Amino acid sequence: MNSSLRSLPSDAVREQRQKDVVAALAEVLPRAAILFRHEDTVPFECDALTAYRTSPMVVVLPDSEAQVAAVLKICHKMSVPVIARGAGTGLSGGAMPHRSGVTLSLAKFNKILRIDPAACTAVVQCGVRNLAISEAAAPYGLYYAPDPSSQIACTIGGNVAENSGGVHCLKYGLTLHNVLRVRGFMATGEAVEFGSEALDAAGLDLLPIILGSEGMLAVTTEVTVKLIPKPQSARCIMASFDDIESAGAAVASVIAHGIIPAGLEMMDKAMTAAVDAFVHADYDLSAAAILLCESDGTAAEVEEEIARMEQVLGAAGASRMEVSRDEAQRLKFWSGRKNAFPASGSISPDYMCMDSTIPRKRLAEMLRAIQQMELKYNLRCANVFHAGDGNLHPLILFDAADADQMHRCELFGADILETSVRLGGTVTGEHGVGIEKLNSMCVQFSAAERAQFLAVKHAFDPLELLNPGKVIPTLQRCAEYGKMHVHRGMLPFPELPRF
Amino acid sequence: MSAQDPMLARIIDQVDGARARQAPLEIRGGGSKWFLGETAPGEPLDVTCLTGITSYEPTELVVTVRAGTRLADLEAALQEHGQYLPFEPPRFAAGGTVGGMVAAGLSGPARATSGSVRDHVLGVTLLNGRGEILSFGGQVAKNVAGYDVSRLMAGSLGILGVICEVSLKVLPISTATATLCFNCDSGEALAKFREWSSQPLAISATAWHEGLLHVRLAGAGAAVASACTRLGGTQLAPEQAESWWMSVRDHSQAFFALDSADVARGESLWRLAVPATAPPLELSGLQFIEWGGAERWCKTSAAAGQVRRAAVGLGGHATLIRGADRSCGVFAPLSDVSMRIHRGLKQAFDPLRIFNRGRMYAGL
């Protein structure tokens, strides 16, 4: 980002450029679908990573594929960066605008085109909300399995961009495992399809490269998703543990017994206190950590599995267990988990949500390391984990109005990510790299590996027009980050702005 | 896995030599899938020396294994801990390797319900055409750091680089299974698949051939028992069922072979991947239907163009698996945009076109 700061155009140049681009876009879009006055573009300045903002040069709101193609062709011809945007719920700044770019809002692509109950598929436009797919499929006894916590608002196009997970992906997989086909447009404005409604397509399997590519390879407009039969029954165990080590060991033990729970989540004491005050989920507030362990399937299957889970959790040292009596109580257990982020917002002016993944067996070790970091950086942290997947969401609580807190929070976050890599994990499990984890990419990947990512980008988008500057850090940035590293926690020239 | 590894160093040496001469190499594992794809020219690059399970912790549901390890050895090691590869990779012949399994990207009878090879790849260490050792993905199931290069390797037929090591997601073996048989024609079989697909029936595999439909159930005891009651049919003895599904997986049934009489009749074996709900294929010859209707094998003397049009008409694509005349190309032609991306990716990973030149498409 430091290099792009240096190459920023002057206000006058930008104003002229804006005028030219708006005039060109006005040839293919109605005036009302083009926003460029500052007061109109403010709502697009950031996604859910609100600490980082940029004013987009232009925002367009096309309502047809023909318009998307036309916008892309113009931007390609004029070398204007294009940042595709769904609901703006992303947590890593993947949809943060480019100061000299066009933000391509796909909010109007909100139609469910077809539900085929025999094929168990739905064909939907990219702006359809995740939860809306399951709601539309419900009359057929079907649903769309991936359920990120933001599912009430986030769109399938955004899920494709991030390869989103959720609380049930241990058993049902990620977006990747539940999408058959993606239709979209290349930076040139040409239509393209990845995958197919058959189970594979000819040639290289490009679908996994598109899923999780954060809008850098193509613009998604339409998605065919798999639907699966809604389980007849589901029950959830809330298990309390007196220390985090036994909670971590219990997670490994469940898997070791050949059980794949529908969901397996962990929350620490700081988190349960915050969410219980927020939604009254009836959590055991005296426990050091609680696990939510869910079984789904036929009624007989669930009874059989819940009994096995209780046995394993009991043997692993659970101090208290409560099995949901009915659907209302099961949803109540989950309401706390699903509201972990807003609950954190209610106890702190700001929070930074981390998203690394580590091998399950290192959970307790990681939690202890985070406790040490709370002291080191003098900030509080509440923890919620997709424990079954080893995917951590530590929420660092801070006040962005306090520059020093903001700075310590960034160091705290980077420390968590580096510790995760050291423990055999990865810097992002499901939220994406965006702009937030660019530095951490320098830690996880070698220069040759990062160059390979860039070469992949060029195979799709040789001019680097789609969402430039995200995901792949420049060599220069990594070199600078490497230098900072020498003085861990004591940055040289602390007066310089870093973001 | 590092370049200092003596076995890997030998492979890198051979690749460096080929790069210096700009000469192609044909990556070779166990040779069990030699018939798949076009013929690649060049000196063989033997990777069977990269053997061994690097790490395996059953509670992590992940195994990391070197690419030259025999698939049979990996599956035996998993079985010791009650786990398996859920995509049921075909072996075809003894000696097939894990690297070949990933590069071929083929999945067995459980594909429609348990996912593909690609779905279970978590990470890969790769030797690219610049002679660099690169690692992507990792040993955890949720990982979106950078593009998902590791899964791109599944089904890449070695055209992007040498797979050196791979991490795979594994699962516990189901506690109960049962196989049911029904007499019906292909239309009835497809109708049953449609009827069953939206119900929670614990179906793990389906196959229809010559008037006989096989359905395999797998899962918790209670789920399998209740599905057996609901579906009816005749139940196969467990040992008989196991060997039958294995013969489908490995193409050891007579249908999948192409004998001299078939060749004399001008027949080829095609694989059509189509949407599961597509109507019956209108092609001459015998058919074998798997994956709830999504995979249709066809032994036919119909012209390649006719087979390809039939597949496209149903929303899928056709691959020539076995046949004397390969002039039509083994794989279905790509759109212009897709071919441009393919060329770009080849350029990105293997700019000198060293690896498996032309194995997938001419020019790659």
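The shown structure was predicted, so the numbers you read here are calculated from the model rather than taken from an experiment.

Enquirer: Honestly, the overall build of chain A in this entry has me stumped. Any pointers?
Expert: Scanning chain A for helices and strands turns up 19 helices and 18 strands. Relative to the 2.2 N^0.38 estimate, which gives 23 Å for 499 residues, the radius of gyration of chain A is 23 Å and therefore close to what a compact globule would have. When the backbone C-alpha atoms are referred to their principal axes, chain A occupies close to 70 × 60 × 40 Å. Within chain A, buried positions represent 55% of all 499 residues. A sequence separation of at least 24 residues applies to 72% of the contacts in chain A between residues at least 6 apart.

Enquirer: Quick question: what am I supposed to make of the overall build of chain B here?
Expert: When helices and strands are tallied, chain B shows 12 helices and 17 strands. Relative to the compact-globule value of 21 Å for 364 residues, chain B shows a C-alpha radius of gyration of 21 Å, a close match. Projected onto its principal axes, the C-alpha coordinates of chain B cover approximately 60 × 50 × 35 Å.

Enquirer: How do you make sense of the sheet that holds strand 6 (residues 121-127) of chain B when you look at a structure like this?
Expert: By definition, the strands of a sheet pair up through backbone hydrogen bonds, in either a parallel or an antiparallel sense. All names here are of chain B. Pairing is antiparallel in the open sheet, where 5 strands are placed in the order 3-4-8-6-7. Sheet topology places strand 3 (53-57) and strand 7 (133-137) at the edges, where each strand pairs with a single neighbour. Averaged over neighbouring strand pairs, the angle between their axes works out to 10 degrees when direction is ignored. Taken together, the 6 bridges between strand 6 and strand 8 (residues 162-169) define a ladder with antiparallel strand orientation. Counterpart to L127 in the pairing with strand 8 is V162.

Enquirer: Whenever I open this one, the sheet that holds strand 10 (residues 219-226) of chain A confuses me. Can you help?
Expert: Residues and elements named next belong to chain A. Ordered by their spatial adjacency, 5 strands build an open sheet running 5-6-10-8-9, and the pairing between neighbours is antiparallel. Of all strands in the sheet, those bounded by a partner on one side alone are strand 5 (112-116) and strand 9 (191-195). Between one strand and the next, the sheet's axes are offset by a mean angle of 15 degrees, whatever the strand orientation. Here strand 6 (residues 121-125) runs beside strand 10; their pairing, made up of 5 bridges, is antiparallel. Pairing of A122 across the sheet is with V225, part of strand 10.

Enquirer: Looking at this model, I keep getting lost on unusual backbone geometry. Mind explaining?
Expert: Trans is the prevailing form of peptide bonds, just as negative phi is the prevailing case for residues other than glycine. Even without being a glycine, S79 of chain A presents a positive backbone phi close to 55 degrees. Its location among the elements puts S79 of chain A in the loop between helix 4 (65-78) and strand 3 (82-85). Using a count of 10 C-beta atoms within 10 Å as the deciding quantity, one classes S79 of chain A as exposed. The phi dihedral of N356 of chain B falls on the positive side, at around 40 degrees, and the residue is not glycine. Assignment of secondary structure puts N356 of chain B in the segment after helix 12 (336-349).

Enquirer: Would you mind going over the pairing of strand 11 (residues 203-209) of chain B with me for this structure?
Expert: Residue and element names in this part refer to chain B. By the criterion of burial, strand 11 is predominantly enclosed, with 6 of the 7 residues buried. In terms of strand pairing, strand 11 meets strand 12 (residues 212-219) through 6 bridges, oriented antiparallel. Residue pairing for strand 12: I203 is matched across the bridge by L217. Between the end of strand 11 and the start of strand 12, which pair antiparallel, lie 2 residues, with E210 showing a positive phi angle near 45 degrees. As paired elements, strand 11 and strand 15 (residues 286-290) share 3 bridges and run antiparallel to each other. Across the sheet, A207 pairs through a bridge with E290, a residue of strand 15.

Enquirer: In this structure, what is going on with the interface of chain A and chain B? I would like to understand it.
Expert: Each side of the interface is counted separately: chain A has 76 residues, and chain B has 66 residues. Secondary-structure elements contributing two or more residues to the side of chain A that touches chain B are helix 9 (207-210), helix 10 (244-256), helix 12 (299-315), helix 17 (438-444) and helix 18 (447-460) of chain A. Counting residues per element, the side of chain A that touches chain B draws most heavily on helix 18 of chain A, which supplies 9 residues. When its residues are assigned to classes, the side of chain A that touches chain B shows 39 nonpolar, 24 polar and 13 charged.

Rules behind the numbers
- Residues numbered from 1 in each chain as written.
- Chains lettered and ligands numbered in written order.
- Predicted model: local features only at pLDDT ≥ 70, side-chain atom pairs only at ≥ 80, totals over all residues.
- Helix = DSSP H or I, 4+ residues; strand = E, 2+ residues; numbered from the N terminus.
- Rg over C-alpha atoms; globule rule 2.2 N^0.38 Å.
- Buried ≥ 20, exposed ≤ 12 C-beta atoms within 10 Å, placed from the backbone.
- Contact = placed C-beta atoms within 7 Å.
- Pairing = 2+ DSSP bridges.
- Axes fitted to C-alpha atoms, helices over the stretch in contact; angles between N-to-C directions.
- Nonpolar A, V, L, I, M, F, W, Y, C, P; charged D, E, K, R; others polar.

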